[in-house]
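Residues per chain are reported as follows:
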Amino acid sequence: MADVTLRNQNSELVRRGCAAFNSGDMDTLTQIIDESCTWHTPGKSPIVRDYEGREATFGQFGRYGGETTGLSRPTFCM
């Protein structure tokens, strides 16, 4: 039962994160993304790499929108 509760909490956290990302809610993203996070951008493009820390991760999020005229978001948020 504890696994189900934890999964539900994690799922809700991801939903909140996606909603915050899609609406540009940096306050919520700052609350739920740890300062020492690592963000991995997969694929074969100039922006592919690991981004260390919240500041670098948020910079990458800005690139997603800036380089795609706001039409791109991480696939987990679709």
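That block above? That's the structure.
Since we're looking at a predicted model, the values are computed, not measured.

Considerations on the overall build of the protein chain
Moving on, step 1. Looking only at helices and strands, the protein chain has 3 helices and 2 strands in total.
Moving on, step 2. In the protein chain, buried positions account for 27% of the 78 residues.
Moving on, step 3. Residue pairs at least 24 apart in sequence account for 30% of intrachain contacts in the protein chain once pairs closer than 6 positions are excluded.
Moving on, step 4. When the accessible surface of the protein chain is totalled, it reaches about 5600 Å², and 54% of it is carbon and sulfur.

Brief notes about the pattern of salt bridges
Moving on, step 1. For the coordinates displayed, the defined rule picks out 2 salt bridges.
Moving on, step 2. Between Arg15 and Glu12 there is a salt bridge whose closest N-O contact spans 3.4 Å. Taken together, the residues span about one helical turn, with Arg15 and Glu12 both in helix 1 (residues 2-23) at a distance of 3 residues.

As for the packing of aromatic side chains
Moving on, step 1. Counting across every chain of the model gives 3 aromatic pairs.
Moving on, step 2. Seen from their ring centres, Phe21 and Phe61 are 5.1 Å apart, and the 85° between their planes marks the pair as edge-to-face. Here Phe21 is found in helix 1, whereas its partner Phe61 is found in helix 3 (residues 54-67), with 40 residues between them in sequence. The pair formed by Phe21 and Phe61 is uniform in burial state, with each residue classed as buried.

Thresholds, definitions, all that
Residues numbered from 1 in each chain as written. Predicted model: local features only at pLDDT ≥ 70, side-chain atom pairs only at ≥ 80, totals over all residues. Heavy atoms only, no water. Helix = DSSP H or I, 4+ residues; strand = E, 2+ residues; numbered from the N terminus. Buried < 20%, exposed > 50% of the residue type's maximum accessible area, 1.4 Å probe, protein only. Contact = heavy atoms within 4.5 Å. Areas by Shrake-Rupley, 256 points an atom, 1.4 Å probe, with all protein chains shown as cover. Salt bridge = Lys/Arg side-chain N within 4 Å of Asp/Glu carboxyl O. Phe/Tyr/Trp six-rings, centres within 6.5 Å; stacked < 30°, edge-to-face > 60°.

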